[in-house]
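Commentary on secondary and tertiary structure
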Amino acid sequence: MLPTIVVTPIVVKGLGNESYGLYVVIVGFVSYFFTFGIGKAAAKYVAEYRSTGESDKIPDIISSTILVSFLLGFAGTALVAIFARIIVTNVLLVAPTLQDIAVIALYLACLNILISMVGSIFQFVLQGIQRFDRFLLLTNLTSLLLSVGSVVLILSGYGVISLMVLTVAVAAAMGFLSYGMAKILLPKIKLKLRVNREALGAVWRYAASIMAHQIFGNLLLLFERGWIVRKFGTGALTFYAVPMMLGMYIHLFTSSLVLALFPTINELLTQKDKLVKLYQTATKLILSLVVFAALSAVVCGRLFFELWLNDEFARLSYWLLVIHVFTFAVVSMNTIVWQIADSYRKAWINTLATFFWMLIAIPLMIILSNQWLSEGVAFARLIGVFVFVPLILYVEKNFLGGILWKFWITSSTKIAFSGLLAFLAEGMIISQFRASWSTFLIAIPAGFVVYCGTLFISGFMEPDEERFIKNTVRSIAANV
């Protein structure tokens, strides 16, 4: 997250609003639409087979995952490449002066996605064997290379196409590196040209629901960005995408926490009491994080944009930031639920919820954008995301033995009171001191101290939950 925060203003100013908007829409069109996440099957089955003593099945599972990822990735990206010119001119309505650049960028984006879909499988393998230290290294190295490379290219006068070439090069390098790490840590990895039909079927069945879930979510994002470009221009997408990126980081951050729990969830499928306890602890942790992020966005968001970018961004993107943060806070609360449904091989539940999200949000985007412009598009996404709330109740009832009403009432009450005090503390600091980085950097930590202190006094985390978190942190620190 931190390199991106530093680099984004440089890239936005270096490219300009129009070219940056083009860069965002091209990357979003292909990467969100065709990154199916099939590699997650490797994480699930590697963890499951290691816990059941069936490690001999791992090579077939990994080879099957590679085959399915490559075939689907090739088909999808080839389709985009063939119709690249039509997509640019008739779907995205890119300005004529930027169309040639957009077509070349689409070709490069397709190549990047195909490489990433295959290369990321070995990062999922690292997750499956719970070597998050190596996964962390690869993730942060990727971010660092992209960030430093982007700054060098922008300061050297290069544009969108050069940035896309950089993403392809980094994806290829990380793919080879992740394979090397996985091979060292899991010597059983043997890539096969002829794979076991049983393994291929298992990967396909697991991947199909994940793909459908992601396709609906990506169709929503594709329509959203395409609609903004068509209706308001690529420049407007810049003011929309930057705050959305910040909102998505909340989801990515909480997902990284849940990611570490995914192998453990698969190991506890037959131990419901322990699974319920793990679910409650993870949910409390995620709930506390997203609530603090949301209230801080409301209080400090406008000041952050003024200091980070400029007054224009503060004026045009502040409310978009607030809406996006609330949207991804709700999405984040479902992360652990999605993982449980996936682990029980019921990913179709997530697919159905995402379908209804898309079904509700897209018509609302068209209607609300007429009066409230980009904010109307963002608000439509927020309204649609509440279809995930019943999903939480469904998973609790069907997989955890019943809806945890007492847990939610107690946790929400303590969170609400702590959040109110933190909100007042941050607001008091922001209103009393002049607009500066020092004020911002005092307000956020002060609010966090008040927030955490109140949660601690209220007994938000039980002693065994605190021990679980401490042990997890110690385990990660020892590996790193």
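Data block above holds the structure.
All values derive from a computational prediction rather than experimental measurement. (Residues numbered from 1 in each chain as written. Predicted model: local features only at pLDDT ≥ 70, side-chain atom pairs only at ≥ 80, totals over all residues. Heavy atoms only, no water.)

1. What to know about the packing of helix α13 (residues 311–333) against helix α14 (residues 335–343)
Any two packed helices are characterised by how steeply their axes cross, that is the angle between the axes, and by the distance between the axes. For the pair α13 and α14, interaxial distance at closest approach is 4 Å and the crossing angle is 35 degrees. Of α14, the residues touching α13 (which contributes Val331, Ser332 and Met333) are Thr335, Ile336, Val337 and Trp338. (Axes fitted to C-alpha atoms, helices over the stretch in contact; angles between N-to-C directions. Helix = DSSP H or I, 4+ residues; strand = E, 2+ residues; numbered from the N terminus. Contact = heavy atoms within 4.5 Å.)

2. Side note on unusual backbone geometry
Note: most residues except glycine have negative phi, and most peptide bonds are trans. Even without glycine at this site, leucine 373 takes up a positive phi of about 55 degrees. Position of leucine 373 relative to the elements: it lies in helix α15 (residues 348–385). Accessibility expressed as a relative area gives 46% for leucine 373, which makes it partly exposed. (Buried < 20%, exposed > 50% of the residue type's maximum accessible area, 1.4 Å probe, protein only.)

3. Points about the pattern of salt bridges
Scanning all chains against the criterion turns up two salt bridges. One salt bridge connects arginine 85 with aspartate 100, and the closest N-O pair in it is separated by 3.1 Å. Taken as a pair, arginine 85 in helix α4 (residues 84–91) and aspartate 100 in helix α5 (residues 99–119) lie far apart in primary sequence, 15 residues in all. As a salt-bridge pair, glutamate 224 and arginine 381 come within 2.9 Å of each other at their nearest N and O atoms. Separated by 157 residues along the polypeptide, glutamate 224 in helix α9 (residues 197–232) and arginine 381 in helix α15 bring together distant segments of the chain. Residue classification places glutamate 224 among the buried residues on the basis of a relative accessible area of 0%. (Salt bridge = Lys/Arg side-chain N within 4 Å of Asp/Glu carboxyl O.)

4. A word on the nonpolar core
Counting residues in each nonpolar core, the largest one holds 146 residues, and the members touching the most others are Ile26, Tyr279 and Phe305. In terms of residue count, helix α12 (residues 272–308) provides more of this core than any other element does, 17 residues in total. In this view, phenylalanine 305 contacts Val242, Pro243, Leu246, Asn310, Phe313, Ala314, Ser317, Tyr318 and Leu321; residues no more than four positions away in its chain are not counted. (Core = buried A, V, L, I, M, F, W, Y, C linked by side-chain atoms within 4.5 Å.)

5. Description of helix α16 (residues 388–399)
If you check α16, its first and last C-alpha atoms are 16 Å apart, about what 12 residues at 1.5 Å a residue would give, namely 16 Å. Considered for burial, the residues of α16 that qualify are Phe388, Leu391, Ile392, Val395, Glu396 and Phe399. Considered in projection along α16, the buried side chains sweep an arc of 130 degrees and stay on one side of the axis. Lining the buried residues of α16 we find α12, α13, α14, α15 and α17 (405–432). Trailing α16 by a residue or two, glycine 401 shows a phi angle of about 90 degrees, which is positive. (Expected span 1.5 Å × (residues − 1). Arc of directions from axis to C-beta.)

Don't take any of this as a statement about function, it's just geometry.
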